[in-house]
Amino acid sequence: MTAEQAFDNYHKAIYRFVYRLAGRGDIAEDITQDCFVAILRDPQRWNERRGDFRTYLFSIARNLAFKWYRDEHGSLYVDEDEAGFVARGQTDQELSVTVAQTVSQLPDLQREVLILFEYEGFSLNEIAVIVDADVGAVKARLHRARERLRRTLAPYKGVRTHENE
């Protein structure tokens, strides 16, 4: 696959993934571009035995996003107790924003596996390759992320919105 074909096929997905990790469009654009530049610089680096090309691209994007985060914040990890609550919304759209904010507040390692699994549709095995961890660790991170979301969003369960009243 050429770099041009890879860009045409995957740039939107890579951008979405990085945007969800970084929470900033300008950073997501830069990292997405850097991801494809890396392919142009060293097209032979992809090893088919480690996973498909899409998985390889997401691995590059993930590593670049975490490098950016370390450079900007001095640490890769966010304390799991740092995630706070957001105000209760009154519409479906506001509730959707609340969910997105809650996902963005997950610790980095939990957030990335949740995004890759729920939003990008990767299998647990593919995620393990992307994040360079064993499948058991990926399952544990995904479980913790879901549990944290469940606890954080519990006050919203059954909340009536203006649209469904």
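Data block above holds the structure.
Cut-offs used in this document
Residues numbered from 1 in each chain as written. Predicted model: local features only at pLDDT ≥ 70, side-chain atom pairs only at ≥ 80, totals over all residues. Heavy atoms only, no water. 1 Å grid on protein atoms, 1.4 Å probe; cavity = no way out; pocket = protein on both sides within 12 Å on 5 of 7 lines; lining within 4 Å. Points joined across faces, edges and corners; volume = space filled by probe spheres on them. Helix = DSSP H or I, 4+ residues; strand = E, 2+ residues; numbered from the N terminus. Nonpolar A, V, L, I, M, F, W, Y, C, P; charged D, E, K, R; others polar. Phe/Tyr/Trp six-rings, centres within 6.5 Å; stacked < 30°, edge-to-face > 60°. Buried < 20%, exposed > 50% of the residue type's maximum accessible area, 1.4 Å probe, protein only. Axes fitted to C-alpha atoms, helices over the stretch in contact; angles between N-to-C directions. Parallel < 35°, antiparallel > 145°, perpendicular 65-115°, else oblique. Contact = heavy atoms within 4.5 Å.

1. Remarks on the layout of surface pockets
The volume enclosed by the largest pocket comes to roughly 480 Å³. Residue lining of the largest pocket: 19 residues in total, with Arg 45, Tyr 56, Ser 59, Ile 60 and Asn 63 positioned closest to the centre. Elements represented by at least two residues in the lining of the largest pocket include exactly α3 (53-73) and α6 (124-131). Considering every element that reaches the lining of the largest pocket, the biggest residue donor is α3, with eight residues. Tallied by class, the residues present in the lining of the largest pocket amount to seven nonpolar, five polar and seven charged. Looking at the second largest pocket, its volume works out to about 250 Å³. Lining the second largest pocket, in full, are Arg 16, Tyr 19, Arg 20, Gly 23, Ala 100, Gln 101, Val 103, Ser 104 and Tyr 119.

2. Observations regarding the packing of aromatic side chains
Within this structure, the stated rule accounts for five aromatic pairs. With a centroid separation of 5.8 Å and an interplanar angle of 50 degrees, the aromatic rings of Phe 53 and Tyr 56 are classed as tilted. On the criterion of helical spacing, the pair formed by Phe 53 and Tyr 56 is a turn pair, its members being three residues apart in helix α3. Using a relative accessible area of 8% as the deciding quantity, one classes Phe 53 as buried. According to the relative accessible area criterion, Tyr 56 is buried, its value standing at 17%. Centroid distance Phe 58 to Phe 122: 4.7 Å. Interplanar angle 75 degrees. Geometry classified as edge-to-face. Residue Phe 58 is found in helix α3, and its partner Phe 122 is found in the loop between α5 (108-119) and α6; the two are separated by 64 residues along the sequence. Assessed through its relative accessible area of 0%, Phe 58 is described here as buried. One aromatic cluster is present, formed by Phe 17, Phe 58 and Phe 122 through successive ring pairs.

3. Comments concerning the packing of α5 against helix α7 (residues 135-153)
Two quantities define a packed helix pair, namely the angle between the axes and the distance from one axis to the other. Taken N-terminus to C-terminus, the directions of α5 and α7 make an angle of 95 degrees; their axes are 8 Å apart at the nearest point. Taken together, α5 and α7 sit at an angle that is classed as roughly perpendicular. Of the residues in α7, those touching α5 at Leu 109, Gln 110, Glu 112, Val 113, Leu 114, Phe 117 and Glu 118 are Val 138, Arg 141, Leu 142, Arg 144, Ala 145, Arg 146, Arg 148 and Leu 149. Residue classes in the contact of α5 with α7 are distributed as eight nonpolar, one polar and six charged.

4. Describing empty space enclosed by the protein
This model, assessed by the stated rule, comprises one cavity of 30 Å³ or more. Each pocket or cavity is described by its volume, and for the largest cavity that value is around 50 Å³. Leu 21, Ala 22, Ala 65, Phe 66, Trp 68, Tyr 69, Asp 108 and Arg 111 are the residues that line the largest cavity.

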